[in-house]
Amino acid sequence: MSSQVAAYHEKTFSDGFFHVNGEHGFLPVKDPMSRLPERYSALQTVMEEMPTNKVYPSVPGTLATPNAIEKSVADLPDYTELTKQETDVFVIQALYRAFTFLASAYTLELSYQQFVIDGNYGKARTSLPPNVARPLVVVSEKLDVYPFLDYHYSYSLGNYVK
């Protein structure tokens, strides 16, 4: 291995969650959390109930019923102050993942429901309720990322279970 290649492999880029180097590649330094901490149990429940079809048992989820997500979100506590207190990057990432999926599902649910009816995507909701928007902004700022569903912290590199 040339000295330039060896020097490159010695470099490490880290934000505390991802540790890009020869050992981890582009994956997190440890596996992402598969569940949120108990203090976020209401959010965890919304996430588990959200899919159009839940796998175990195979029953319709929240997104299978038009506008049901509105009630789920309305019943969700406002976690803004609690998220402000978080310092563990793995908890912050798990919250970011949950809130970005919830924000995406909430805004696009009407579009999906129209697609089920006639095969054409309808108009999406244009705003988020404060109890979703505020904590999403808090965790986004802590990670120094934009508050939308992204590749690395949300749906791919930060979203797997071994």
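Structure shown above.
Residues numbered from 1 in each chain as written. Predicted model: local features only at pLDDT ≥ 70, side-chain atom pairs only at ≥ 80, totals over all residues. Heavy atoms only, no water.

**Student:** Teacher, can you tell me more about the overall build of the protein here?
**Tutor:** Looking only at helices and strands, the protein has seven helices and four strands in total. In the protein, the succession of α and β elements from N to C terminus is α-β-β-α-β-β-α-α-α-α-α. Buried residues in the protein amount to 37% of all 162 residues. For the protein, the proportion of contacts with a sequence separation of at least 24, taken over those separated by at least 6, is 64%. When the accessible surface of the protein is summed, it comes to about 9700 Å², and 57% of that surface belongs to carbon and sulfur atoms. (Helix = DSSP H or I, 4+ residues; strand = E, 2+ residues; numbered from the N terminus. Buried < 20%, exposed > 50% of the residue type's maximum accessible area, 1.4 Å probe, protein only. Contact = heavy atoms within 4.5 Å. Areas by Shrake-Rupley, 256 points an atom, 1.4 Å probe, with all protein chains shown as cover.)

**Student:** Where do I start with unusual backbone geometry in this structure?
**Tutor:** Apart from glycine, the bulk of residues carry a negative phi angle, and the bulk of peptide bonds sit in the trans form. Non-glycine residue Asn-67 carries a positive phi angle of around 65°. Counting through the fold element by element, Asn-67 comes out in the loop between β4 (59-60) and α3 (68-74). Overall, the relative accessible area of 35% leaves Asn-67 in the partly exposed class. Even without being glycine, Asp-144 reaches a positive phi, approximately 60°.

**Student:** Hey, could you run me through the packing of aromatic side chains in this one?
**Tutor:** Any aromatic ring pair is given by two values, namely how distant the centres are and how the planes are angled relative to each other. Enumeration according to the criterion identifies two aromatic pairs in this entry. Centroid distance Phe-115 to Tyr-121: 4.6 Å. Interplanar angle 15°. Geometry classified as stacked. Its relative accessible area of 33% is what places Phe-115 among the partly exposed residues. One cation-aromatic arrangement involves Arg-125 over Tyr-106; the distance from NZ or CZ to the ring centre is 4.7 Å. (Phe/Tyr/Trp six-rings, centres within 6.5 Å; stacked < 30°, edge-to-face > 60°. Lys NZ or Arg CZ within 6 Å of the ring centre and 35° of its normal.)

**Student:** Can you walk me through the pattern of salt bridges in this structure?
**Tutor:** Opposite charge on two side chains permits pairing when their charged atoms draw close. For the structure on display, the rule yields seven salt bridges. Arg-134 is the salt-bridge partner of Asp-78, the closest N and O atoms lying 2.4 Å from each other. Of the two residues, Asp-78 is situated in the loop between α3 and α4 (80-85) and Arg-134 in helix α6 (residues 130-143); the sequence distance between them amounts to 56 residues. Note that Glu-109 is salt-bridged to Arg-125, the shortest N-O span being 3.0 Å. (Salt bridge = Lys/Arg side-chain N within 4 Å of Asp/Glu carboxyl O.)

**Student:** Would you mind showing me how to read the environment of Tyr-96 here?
**Tutor:** Position of Tyr-96 relative to the elements: it lies in helix α5 (residues 89-118). With relative accessibility at 0%, the residue Tyr-96 sits in the buried group. Along the chain, Tyr-96 and Pro-135 lie 39 residues apart, while their C-alpha atoms are 8.7 Å from each other. Within the structure, the side chain of Tyr-96 is placed 2.7 Å from the backbone oxygen of Tyr-146, a separation counted as a polar contact. (Polar contact = N/O pair within 3.5 Å; in protein donor to acceptor, adjacent residues only side chain to side chain.)

**Student:** Looking at this structure, I do not really get the nonpolar core. What am I missing?
**Tutor:** What tends to happen in soluble globular proteins is that the nonpolar side chains get buried as a cluster. Among the nonpolar cores identified, the biggest contains 29 residues, and Leu-36, Leu-43, Met-50, Ile-69, Leu-95, Phe-99 and Leu-102 are the most heavily contacted of them. When residues of this core are traced back to their parent elements, those giving at least two are α2 (41-49), α3, α5 and α6. With 13 residues, α5 is the single largest residue contributor to this core. (Core = buried A, V, L, I, M, F, W, Y, C linked by side-chain atoms within 4.5 Å.)

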